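Below are the chains, spelled out letter by letter.
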Amino acid sequence: MYGNSFVQGVPQTSVPQGLAQTSVPQGLAQTSLIPNVGGGYGGYSTATMNYQYGNSQMTGSALSIPRAAALAVCAPTFQPQEGPQCVKCGVEWTMFTRKHHCRCCSREFCDNCSQGRADIKTLKISGERVCDFCVAHISHGDESCVSRLVPYLLENKEEPKSLALAELAGLLQNEWNMENISDLKLVTSLWEMLVQPTLATDNKIKGLGVLSLIASKGVSVVLSPERVEILQHFFAFPQTMIEVIKAIAFMAMQGQNKPLFISGRILIPLFNIMASGTDEMDLQWASMAVYYLASSSLDDAIPQGLGEINDVAPLIRLLSGQSEKLLQFVTGTLEIISTIPSNRNKIGESGGIDALVRLLTHVDSAIKTNVLGVLTNLCVNENSKMDIIQRGGITNLVELVDSTTDEQLQEQGVSLMVKLAQVGTHPALLQAFSAAIPFISLQLNSENATIRTNVLELMMSISKDPSSCAKAGVSGVVQALDTMLESLDENTPHATLKNVTDLIIALAQGCDENLRLCVDCGIISKLIGFLTSRSKNVVLESTKALVALTECPSFSLYSTADITGHFLFLLSLFLSLSFLFFPFPFLFISFSFLFFPFSFPFFYSHSGILLGVTMELLHTQFNDIQENVTRLLANLASESECAITLLRSPEELDKISKLLLSPQQSIQSNVAQLMCNLANVKGQTDTLGRLPGLLPTLIHLLGSPSPQVREQACFSLLECSISSAQNRQIVYNTMGGIATIIRLLAIKDPRVKGKAAEAVYFFSQEQQYRTGIRDAGGIQVIVENLFEADERVLEFSASTLSNIITNEIDAETIYRLGGVLAIINLLSSTFPSVVSAAAMAVTNIARSDICRRALVEGGALAKLLLMATSVEQSVQLTAIAALAILSSDRTIAGFIPQYNEGLPSIIPLLASLNLEIKGYAVQVVVNISRENPEAWSKLTRLGGLPVLSALASSPNHESQQLAVHEVAELSVDVERHSDIFTHTFPMFLDFLAEDPSQGKMKGSSLQLESLLIVANLSHDLRVLNAIVDHPSAISSIVSLLTLEYGEAPLFSSSRIIGNLTQYLTPTRPEVLRILHDSPGCLVRLASLLLLPAQGGLVKDPEIKYNSVASISSLILSDADVASLVSSGVVLGLVYMLQTPDELTHKHVVTTLKKMIKSPDCREQMKRSNECMSVLFESTGDAGVRYAVLEIISELAQQDSSALAHVPEGSMMQLLKVVTDELPSSTSKPLLLELLTQLSVGSFQIRKMLLGLPSFFSILLVTLNNESVENKSARLKSINLIGALSLASEGKSQIRSEGLLSVLLTLLRSHTSASSATYVNLLGSDLVVSSPTSEEEESDVDVEMRYSIVKALGALSLSEENRKLIFECQEAPQLILGFIINTSPGQTERKDNFLVDCLALTKNLVYNVDCKNFFCNNNLLQRLFSLLSESSCDKLTFNILSLIHDLTRDGREGEGEVVREYGMMPLVALMSSPNDYIITQSLQILCNLVRFDTSREVVQTYMDKSVLLELVTSPNLIVTQLAKELKFILGF
């Protein structure tokens, strides 16, 4: 069993192979020859062993190197005692056989063994007889004689023995010639010496050492049982233990000794040492001995001896050692003994697998080789395999194979993986191999064929589990397989090709990702390319693989277009065709490539290529290939694109269809499956029907003996019938066609029965086939099928009955056959589709009175109501549809509410998103509620607003009216508003729109009640926003602002519009524009406010309030005001002031304020004494007083004559009210402003006010109140004083009451904030410091200053008042400062202020002292400056008027002032278009020319031509003054 080859002197066996590169333990490092297990010398003639006693490798040895005076080189001193025979050949001495002494070693030999003659230098003799042994060493120049030392071993004295042993060891160790060593009887002498009882221990050790050396040199050391006992005896002494172990180790290398050692139980002490020893050398030598003993031929004796080893624990213990040599021998031993079953179990039980798995990663190749051998032997046991896997064996094996370059190791490792993979689909195995997949993918491309084969087998084992094929790293395996495919050809062994294709199939079926990789890597293309091979096996395996791949659920040939694969396919196709049909192949190939670009589009997809090739392979003579091809075509046809491609080739399809008549039933089945798949292509199955005889053939095949053929033919026929009306026509026209389909309904196979039921259903959909179904007994069979358990059968049977029932006769037939009860039972089915079909059948059979009664009596109503609660919409739809038909019978409709689940089942369907379900549910509710108030009440109570919402949203007009009326009643309750808005609101806005096409007429109850609902909810901003967002809601609401339909709609619409304008405008201002632009909105609202005398019929205060509130917000332009005024609403608005509601007053005042700016509005109010009386009388009511006063104030402000016709009594009443309110009123500014406006426009009112007691005291108190809050009242008081000063008695009364002094004080306090002195005289020039800047003052302060100046201007018309003003020293200075510092043309207000200052100054200059003050302070100079700056005629006129007054006296210096500042503007003004300005200018010039100093200036600057033109002016005053001036100037 074990071989005899050697590598570096160590046996290399087939089992184990772990010592292939192993050297022997320490001390044997230079051994050149170690005997093989069978004995002999392993091919070497001579050898010596470098057994270096005494050095570091022989620690503890008693041998030592001999000294110079050695026995081997001296003359022998012993007496020959070797017996009466030749030392070498053993012939006995006789008379004729004489003994001779060798002159070298002195030992006795026969003549034949001592023929040699030699010179012995050590004895100084020559030509003497020597033995053959001595001849050999003398001829080699060796002076030492080993043979001379042998006799000393048997000496009685110990010293010669010791010396001889030492010299023997030295000579043998130093490679002494061992050629004839066996002839010296050295071994025999050693054994004889060792048995001497008196032998010294030292010599025992030396003797054993020499014996070991001899054995290690390949010299045969023959054992006997006695000699084995001698060796066992030495185990008892510690001193000799190491030497005896060494001797055993080397002698065990000789095959003839091993049986004796084993039978002599020498293994026991060796195992004891291995079990308990600690010395490294002892363990090494013991393990070596055990290894060589175990590596003997397995004859009967040795296994028996090895079998006595009951414990492998010592060996397992040593596996944890560090010494490589120790591990080599231990693992080698385990490899050998693991061939015995009992030992394999012991190794596993002793924990050896864990240690062996760890050693797989050892650096020493020999150890790894041995370990692989052990594990391989252990793999006989399935439990051991699992232990190896669970302890990481796969991972370590991968690492071992991956890290070594030794192909033998790689082969062993992969082979072991294959054995481990045979465990099956254990999770631990799969997990371990998942990590090994990348390694496997690399090894698939190994150059070593054995490794590739094993790895392929390994991957096949792994792929048996589909989950393993989906692990990470499989992509590498797929790519490796792709590479392997490239190397396959027609000569590849069938087994290899089968393994490759089987693995591709397993991986592709494992997961979609692998399948995608197969496509992307080009595997599919290569398999397609193999279809053109000439090898049957290649084509067979390729078609088998393609069949399997195309059966993967996710496989799609259209997913990629591998151009490389296409090119290779075309190339291989062209090559095949060229060899077969063309005499010059290469020319044909070249010619083919010219057409490649044109042919490529036809093969752009895998399917195109595959279909093309498979169509050709259909005609092959090999049935197995043809079977695969038809199966492949059937699979391809499952892809719609491929199916369409086939259907577009009717000629090819016709050829395929003829294979239905093939004698091979499997081919028939495949073709039938193909036809079935083609029939599944929508819109294309008519092509199949046009194939000659296809459908009749399928009908014929229904009688085939093969179940598979019958099944596929059946399904193909049924699919064709289901998918195409044309095919149904062909089947129907075929004799027995429809009857065949009906017979299929009676087959027990539920799949066939289900398909047949579906086909009959499609037949029943067409009127022309229903008679045939009836005539073929179809109704009875269909009714019988209603009692089946299969879902499809029940569904299509019920649906078919529903189609067939077209009249009372059919319904009654079904009733007689028990079909009605069957359908009722199906209503309780657990299959939703069956329940739906049954409910649909109910809808048809319910048209028959007898069936309807049977349905009710059979409990169909309860089941339908239960079906209505299903979660399946299809079930709900059919159930509620059936109930809608049944409830059309009033008797049945009355039954439904009586069921506990009746209304609760229907109510949820009213909210269904499915419009059909909702429509039927509404119909049921309407049928139930019609003439049944109790049912309606119960319905609304149970369903609430969602039900009402559903009814209202239904297109059923009757249900809409019911729902809207109910919601209208609920909307009265404010707490229900939120729910109403959530569930039902949007649809009410739709109901507001007028749409006669949908029955929505204007003024209909539906519209008016919807309006009421919207109005009740319109306080909610969400509702208001929804109204605005609705496209037609506002226009519909406005259109209902009329009494045409009564006050209720008017109330609702006005409320909605009022809420829109009041509450939504702040967030959505566009609402006002939308309402404003609604046709007739303002006019309709105004009409609601008309008085009865004006034709107004509305009396409801809320309507009026909403109307005026809306109008107040909707007045956006003057046109709106004009429209309202023309409608006559003004009087109605005024009369609304008599209402007690303050909010109404607010909106009325706001509206009147906007309208009163219109002259027409004021005119209407003035003309109506009644209106003014109401307005004035309303001030007596504290609630509306201030609102009315605001209107009166606005009226007086816009038209001062508006109050002229007010009766005196009314006016007095108003003044009394105002003066009574004035002291304590919080609206004092308003009252004062009103009094001011009244006073300005009426002398009578001024007189009345001046006559009121304590009136001036009120004004005085107001003026003296310096609080910030009173500023506005002070201003209004000043304005009122100015108005009262228009009366002559008012001027004196104001002065006497002290108001004038107060005004002067206020003027000073409001103009001296930043400076106390305003005028500084410096010679003839006036320097006036600027008053406080208006930008730094409040508007009230500035307005107050302006008002004081204006009031002082009116008061200064009185001489006493002028005097008092002048006496106030600061007043003239302040006025002068105003004139100097106010620039004209900035604002109108400043220009008016400047005019008031000039008017006041004009009045003051009537006082001579005042005139002198102004003249002395260069006022004239400022006036001329203002004249040149002024662009306002009014201001210019006042400036000229004051200049005229100042120049009357001809003061000194006037000429210079006129020359410098005045002439230019005066001359320029003579060309003014205003005659008043020209007149004033001429008067000033006339004043000036009266004095010599000024005349010269006028003459110098006067333009004569202008003056001459004025002489001819049509204005007589101008002409007169021009002539006077012309005369004086002498022109």
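Scope of this entry: the structure provided in the associated data block. (Residues numbered from 1 in each chain as written. Predicted model: local features only at pLDDT ≥ 70, side-chain atom pairs only at ≥ 80, totals over all residues. Heavy atoms only, no water.)

1. What to know about the overall build of the protein chain
No. 1: In terms of regular secondary structure, the protein chain is built from 87 helices and eight strands.
No. 2: Looking at the 1531 residues of the protein chain, the share that counts as buried comes to 57%.
No. 3: The contacts of the protein chain with a sequence gap of at least 6 include a subset with a gap of at least 24, amounting to 70%.
No. 4: As displayed, the protein chain has an accessible area near 64,000 Å², and 52% of this comes from carbon and sulfur atoms. (Helix = DSSP H or I, 4+ residues; strand = E, 2+ residues; numbered from the N terminus. Buried < 20%, exposed > 50% of the residue type's maximum accessible area, 1.4 Å probe, protein only. Contact = heavy atoms within 4.5 Å. Areas by Shrake-Rupley, 256 points an atom, 1.4 Å probe, with all protein chains shown as cover.)

2. Things to note about the environment of Glu627
No. 1: Relative to the assigned elements, Glu627 resides in helix α30 (residues 623-636).
No. 2: Between the C-alpha atoms of Glu627 and Lys544, which are 83 residues apart in sequence, the distance is 9.6 Å.
No. 3: What Glu627 contacts, discounting residues up to four positions off in sequence, is Ser666, Ile667 and Asn670.

3. Considering the pattern of salt bridges
No. 1: For the structure shown, the criterion picks out 22 salt bridges.
No. 2: The closest approach of N and O atoms between Glu158 and Lys161, which form a salt bridge, is 3.6 Å. With a gap of three residues between them, Glu158 and Lys161 both fall in helix α2 (residues 158-173), about one helical turn apart.
No. 3: The closest approach of N and O atoms between Lys755 and Glu758, which form a salt bridge, is 4.0 Å. (Salt bridge = Lys/Arg side-chain N within 4 Å of Asp/Glu carboxyl O.)

4. Some words on the state of the cysteines
No. 1: Enumeration according to the criterion identifies zero disulfides in this entry.
No. 2: Summary of cysteine pairing: Cys720 is not part of a disulfide, and the nearest cysteine sulfur, belonging to Cys676, is at 7.8 Å.
No. 3: What makes Cys720 buried here is its relative accessible area of 1%. (Disulfide = S-S within 2.5 Å.)

5. Regarding the packing of aromatic side chains
The geometry of an aromatic ring pair comes down to the distance between the two centres and the angle between the two planes.
No. 1: Counted under the stated rule, the structure contains eleven aromatic pairs.
No. 2: Look at Tyr761 and Phe796: their rings are 5.6 Å apart centre to centre, the planes differ by 45°, and that puts the pair in the tilted class. Placement of Tyr761 in helix α39 (residues 750-764) and of Phe796 in helix α42 (residues 791-804) is noted, with a sequence separation of 35 residues between them. Here the two residues Tyr761 and Phe796 agree in accessibility, since each one is buried.
No. 3: Here Phe1413 and Phe1414 contribute two aromatic rings whose centre-to-centre distance is 5.3 Å and whose plane-to-plane angle is 70°, an arrangement assigned as edge-to-face. For the pair formed by Phe1413 and Phe1414, the shared burial category is buried.
No. 4: Among the aromatic residues, those joined into a cluster by ring pairs are Tyr291, Tyr292 and Phe329.
No. 5: Over the aromatic face of Phe237 sits the side chain of Lys204, whose NZ or CZ is 5.5 Å from the ring centroid. (Phe/Tyr/Trp six-rings, centres within 6.5 Å; stacked < 30°, edge-to-face > 60°. Lys NZ or Arg CZ within 6 Å of the ring centre and 35° of its normal.)

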